[in-house]
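Overview (structure and organization)
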Amino acid sequence: MLPRRLSRLVQPVRRLGTCTTSRASFTVQDEEDFRNRVLSSSTPVVVDFHAQWCGPCKLLGPRLETIIGGKGEKVHLAKVDIDNVSDLALDYGVSAVPSVLAVKDGKVVDKFVGLQEESRIEAFVNRLIGE
């Protein structure tokens, strides 16, 4: 219990639950994993090409996870670390990170590069899933 004088100064801590990690989010291990889980997927997939050292990637990742997590099983999120799967990044013409691709029926149908506002990401995902 705090002394009465201090209790007026201490504000209650609000905790917001923002963790929306979903089974629909996964890390791509190699090119075969990408073929199996992204290109062969019957569900549209947003592919996040990122790097651990990339500041904007660290901001974009949680935004993607939140928006895609809110879509249920309508769309999946594949995370590709370009330092671990560099050939895949080269195959898809990734020259800057973050780079995000929208894949539907095994084909890239949309993309963006760089940090984006949540409203633009939401519109990007909605176009992919037809909402």
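Residues numbered from 1 in each chain as written. Predicted model: local features only at pLDDT ≥ 70, side-chain atom pairs only at ≥ 80, totals over all residues. Heavy atoms only, no water.

As annotated in an unreviewed UniProt entry, the protein chain carries the name Thioredoxin 2 and comes from Portunus trituberculatus. Taken from UniProt, the Sequence similarities (unreviewed entry) comment for the protein chain reads in full: "Belongs to the thioredoxin family." (UniProt positions renumbered as here; feature names shortened; annotations may be inferred.)

It is worth spelling out the side chain of Asp81 at this point. Relative to the helices and strands, Asp81 is located in strand S3 (residues 76-81). For the buried residue Asp81, which engages in no salt bridge, the nearest side chain bearing the opposite charge is Lys58, 10 Å off. Each residue touching Asp81, except ones within four places of it in the same chain, is listed here: His50, Ala51 and Gln52. (Helix = DSSP H or I, 4+ residues; strand = E, 2+ residues; numbered from the N terminus. Buried < 20%, exposed > 50% of the residue type's maximum accessible area, 1.4 Å probe, protein only. Lys, Arg positive; Asp, Glu negative; His and termini not counted. Salt bridge = Lys/Arg side-chain N within 4 Å of Asp/Glu carboxyl O. Contact = heavy atoms within 4.5 Å.)

Now for the state of the cysteines. Evaluation of the coordinates by the stated rule reveals 1 disulfide. Covalent S-S linkage joins Cys54 and Cys57, the inter-sulfur distance amounting to 2.3 Å. Around the S-S axis, the bridge from Cys54 to Cys57 shows a dihedral of about 80° and counts as right-handed. Cys57 shares its class with Cys54; the two are buried. (Disulfide = S-S within 2.5 Å.)

The element strand S2 (residues 45-50) is largely enclosed, with a buried count of 6 among its 6 residues. Neither face of S2 is exposed, since Val45, Val47 and Phe49 on one face and Val46, Asp48 and His50 on the opposite face are all buried. Examined bridge by bridge, S2 and S3 share 6 bridges and lie parallel to one another. Looking at S3, one finds that Phe49 is bridged to Val80. A crossover links S2 with its parallel partner S3, the connecting element being helix H3 (residues 55-69), and its sense is right-handed. (Pairing = 2+ DSSP bridges. Right-handed = clockwise from strand over helix to strand, strands pointing away.)

This part is about the pattern of salt bridges. Tallied over the full model, the rule gives 6 salt bridges. Arg37 is paired through a salt bridge with Asp33; the nearest N and O atoms lie 3.7 Å apart. Taken together, the positions of Arg37 and Asp33, both in helix H2 (residues 31-39) and 4 residues apart, correspond to about one turn of that helix. Of the charged contacts in the structure, one is a salt bridge between Lys79 and Glu65, with a shortest N-O distance of 2.5 Å. Linking Lys79 in strand S3 with Glu65 in helix H3, this pair joins segments that are 14 residues apart in sequence. The exposure class assigned to Glu65 is partly exposed, which follows from its relative accessible area of 26%.

The topology assignment puts Leu59 in helix H3. Leu59 gets classed as partly exposed once you look at its relative accessible area, which sits at 48%. As for Leu59 and Leu115, which are separated by 56 residues in sequence, their C-alpha atoms are 7.5 Å apart.

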